[in-house]
Amino acid sequence: MSDDLLFDDLSRKLESKVDKKLIFKSKRGGLKDGFKKGKVINEVLDKPTVMTLYKMITDHIIAYVNGAISAGKESVLFWGVDENDVDVALKIYLVSTSNFKKREPYILGDPRFSHIKKGTKNLVYLWAKKEFRNLSQCYEAGIPVPRPLHLTKNVLVMEFVGKDGVPCKSLLYSEVNEDDYLQAISIIKDLYKKAKLVHGDYSEYNIFKTENGLIVFDLGSGVDLRHPNAQEFLKRDINNITKFFHKRGVSVEDPDKLFEEIIK
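Let me begin by describing the structure that accompanies this report. All values reported here derive from a predicted model rather than from experimental measurement.

Once that is clear, we can look at unusual backbone geometry. The phi dihedral of D85 is positive, around 65°, even though this residue is not glycine. Residue placement: D85 occurs in the loop between strand 2 (75–81) and strand 3 (87–93). Accessibility expressed as a relative area gives 59% for D85, which makes it exposed. One non-glycine residue with positive phi stands out, namely D164, at about 55°.

This is the structure in structure tokens:
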């Protein structure tokens, strides 16, 4: 079967699985039509991405894809299943967005990624690689993050944090208490001291509340401590999470004192 015919066949199969409610709205407010040959679908499933998913299936990394479960400006999260019938999360980074150009400050200055090729697609691939590496550093350091499983180009496969295709709620949509606050601060400290990272986008939006405790995700913005803006990002992370818990009526520590305690 030719690549074009294979793409059409895979597109039809995936189209039937995609949740129409999550398809991005067009500029006029309508919904995009589904899969069309050679075009970006839902701003994420272009031909190279579909072929990447197909290769993951033939390489036995995943068995099939159920559909989209959440969407952001830079990526779409799909619910997949592996060959052991275990749920996995497929984070597919948008190849047609210009948003990643705004992410350069989180890459430039990070000594782990000193060679940056020009072009949006190369930047997207590098961002995916960066998140996979950050997740790996955190997981190896014992920090509660979704376990990274595989990366190919703009498709990141991770442990699914949730049940039956439904992700756990983030802190934003959860009841929180002092124990949650203490866990959130502990994660920031461990990121810095154990994983040698600063999250860079730490907030109530990027932390799951599970039965077994908090789990931090969206590590793409995470920077190495040698990054020239690492401490600035750390201050912002501390301030953001402090404001959230303070607004929820939880007693919090002084963010400046926390910052000094972490970097000493």
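That shown, we press on.
Quick look at the pattern of salt bridges now. If you walk through the whole model with that rule in mind, you get eight salt bridges. Where K209 meets D180, a salt bridge forms, and the shortest distance between an N and an O atom there is 2.8 Å. With K209 in strand 9 (residues 207–210) and D180 in helix 4 (residues 178–193), the pair connects residues that are 29 residues apart, well separated along the chain. Given the relative accessible area of 26%, K209 is considered partly exposed. One salt bridge connects D190 with K194, and the closest N-O pair in it is separated by 3.8 Å. When its relative accessible area of 23% is taken as the criterion, D190 is described as partly exposed. When its relative accessible area of 51% is taken as the criterion, K194 is described as exposed. In the salt-bridge network here, residues are joined through shared partners; they are K91, E131 and D218.

Reading across from one edge, 1-2-3-5-4 is the order of the five strands in this open sheet, with antiparallel pairing throughout. Whereas interior strands pair on both sides, the edge strands pair on one side only; in this sheet they are strand 1 (64–71) and strand 4 (148–152). Taking the axes of each pair of neighbouring strands and ignoring which way they run, one obtains an average angle of 25° across the sheet. Bridging between strand 4 and strand 5 (residues 155–159) involves four bridges; their strand directions are antiparallel. Following the sheet pairing, T152 is matched in strand 5 by V155. Here helix 2 (residues 47–58) sits on the sheet in contact with strand 1, strand 3, strand 4 and strand 5, set at roughly 45° to strand 5. Lying over the sheet, helix 3 (residues 120–140) contacts strand 3, strand 4 and strand 5, oriented at roughly 160° with respect to strand 4.

With that out of the way, let us pick up the nonpolar core. With 47 residues, the main nonpolar core has I241 and F245 as its most contacted residues. Those elements that provide at least two residues to this core are strand 3, helix 3, strand 5, helix 4, strand 8 (197–198), strand 10 (213–216), helix 5 (230–247) and helix 6 (255–263). The two domains that each donate at least three residues to this core are domain 1 (35–166) and domain 2 (168–263). Filtering out sequence-adjacent residues up to four positions away, I241 remains in contact with L171, A184, I185, I188, Y202, S203, E204 and I207. Of all hydrophobic cores here, the second largest spans 15 residues; its members include V76, L94, V155 and V157.

Quick notes on the rules
- Residues numbered from 1 in each chain as written.
- Predicted model: local features only at pLDDT ≥ 70, side-chain atom pairs only at ≥ 80, totals over all residues.
- Heavy atoms only, no water.
- Helix = DSSP H or I, 4+ residues; strand = E, 2+ residues; numbered from the N terminus.
- Buried < 20%, exposed > 50% of the residue type's maximum accessible area, 1.4 Å probe, protein only.
- Salt bridge = Lys/Arg side-chain N within 4 Å of Asp/Glu carboxyl O.
- Pairing = 2+ DSSP bridges.
- Axes fitted to C-alpha atoms, helices over the stretch in contact; angles between N-to-C directions.
- Contact = heavy atoms within 4.5 Å.
- Core = buried A, V, L, I, M, F, W, Y, C linked by side-chain atoms within 4.5 Å.
- Domains from an automatic or database assignment.

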